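If you want the building blocks of each chain, they are given just below.
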Amino acid sequence: MAGLVVKPRARILHGHDWVFSSEVLKVFGNPADGDVISLKDGRDRLIGSAIYNSKSQIVARRFSRQRQDLDLDFFTRRMAQAAEYRDRRNVDPKLRRVVWSESDGLPGVVIDRYGDNFVLQTLTLAMDLRKDLIVKAMVDLFGEIAIIERNDSPVRKAEGLELRTGVLRGDAPSGPIEIEIDRLKLDVHLLHAQKTGFYLDQAPNYSALSQFAADRRVLDCFANQGAFALACAKAGAADVAAVEENSENIAAGKQNAERNGLKVRWIEQDVFQFLRGAEKAEAEYDLIILDPPSFTKTKSGLRDALRGYRELHLRAFKLLSKNGLLATFSCSHHVSEVAFAQTVADALVDAHRSARRLRRFEQALDHPVLPTIQETEYFKGVLLEMMPGR
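Attention in this report is confined to the structure presented alongside it. A quick note: this is a predicted structure, and the numbers were derived from the prediction, not measured.

Topic: the packing of aromatic side chains
Phase 1 of the analysis: Here the structure, examined in full by the defined rule, presents 12 aromatic pairs.
Phase 2 of the analysis: Look at phenylalanine 329 and phenylalanine 379: their rings are 5.9 Å apart centre to centre, the planes differ by 45°, and that puts the pair in the tilted class. Taken together, the positions of phenylalanine 329 in strand β18 (residues 320-330) and phenylalanine 379 in the loop between β19 (354-361) and β20 (380-387) put the pair 50 residues apart, joining distant regions of the chain.
Phase 3 of the analysis: In this structure phenylalanine 329 comes out as buried when scored by relative accessible area, which is 1%.
Phase 4 of the analysis: Judged by its relative accessible area of 5%, phenylalanine 379 is buried.
Phase 5 of the analysis: Pairwise contacts between aromatic rings join Trp100, Phe198, Tyr206, Phe228, Phe329, Phe361, Tyr378 and Phe379 into one cluster.

Some details on the sheet that holds strand β11 (residues 164-169)
Phase 1 of the analysis: Pairing in this open sheet of 5 strands is mixed, and the strands run β7-β8-β9-β10-β11 from one edge to the other. Two strands bound the open sheet, and with one partner strand each, they are β7 (95-100) and β11. Strand after strand, the sheet turns through a mean of 20° between neighbouring axes, direction not considered.
Phase 2 of the analysis: The pairing of β7 with strand β8 (residues 109-114) spans 5 bridges and is classified as antiparallel. Bridged to tryptophan 100 within β8 is valine 110.
Phase 3 of the analysis: Here helix α1 (residues 72-88) sits on the sheet in contact with β7 and β8, set at roughly 135° to β7.
Phase 4 of the analysis: Strands in contact with helix α3 (residues 131-142) are β7, β8, β9 (117-122), β10 (146-151) and β11; relative to β9, the strand with the most contacts, it is inclined by about 150°.

Cut-offs and rules
- Residues numbered from 1 in each chain as written.
- Predicted model: local features only at pLDDT ≥ 70, side-chain atom pairs only at ≥ 80, totals over all residues.
- Heavy atoms only, no water.
- Phe/Tyr/Trp six-rings, centres within 6.5 Å; stacked < 30°, edge-to-face > 60°.
- Helix = DSSP H or I, 4+ residues; strand = E, 2+ residues; numbered from the N terminus.
- Buried < 20%, exposed > 50% of the residue type's maximum accessible area, 1.4 Å probe, protein only.
- Pairing = 2+ DSSP bridges.
- Axes fitted to C-alpha atoms, helices over the stretch in contact; angles between N-to-C directions.
- Contact = heavy atoms within 4.5 Å.

Rendered as structure tokens:
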């Protein structure tokens, strides 16, 4: 088998599963992009099997510590292991992330389940080339299912892959389908909505945050289709405003509100622009939710992202009532929890406010985190309560 010899200090020798181009000591056997290769250390000892792509900065991604091919048996076994883990965690079997890339030993494979509809992403070249095998393994495990391909993520470009969306198998719905989270009925469009249709990583946090919403004036920023806003309205909030600049999301949010018999004020506007206007109007809220999309997809954009987060939090802190609450989230891979916390703290100082942290938020259990691969923990969030300045 062709493969790579890694340098002595390569991170894969310390528990990570990636090999970057700068960590390669030698390439042997002339591997082709998309091949399964062997990884060896400087003493010619096998340290695992990996997928290879010379076009990517991450030239190899280990999927096994032994010699292993990517055959049907492998995919079926790994998916079954992933399902069994989520069953033990009591994750809803019909509404879950079934496979989460490296966290389930399938680098670049993401599978989400919405009832009998499955959404598949193959974000690495090797997995994309074996898409038919992955689909067959899914059918063997889950039966006669519909499978939608949502390979429109920009990260595919780093692997030299084109973007595409479509139906791979079965009678996938052409329009929205209904899902239910904590007694909230929501429409999601698997072919066109963001990500794979819904933010499943946030699923437990809607009900967790709604427990603080009763009798409060709530502002949901970057509301998308309104899950947080609707959860707060259902929990008895005095007033709920949802700010979202995408008109299609606003329309979907209004439909979700009507479906659940809930009242939400929808505001179609850029969030930063809205917050500046609200400050001028001396508006005040008791609970503000900040759940923006990723502010940067690259490490080079980190400085601008942190600047954006700082302004966002500064504006929000100025609008909070005396004992107001701020729930804030970041899904930016390149923004560490430490950097995010420091940015929030800096914004508190800028706003001349003080706060206590009430709790942390994490990504849902069906998005498992590997301590040795920090990239698997991309999601972070906190709930803060304002307090008198000192």
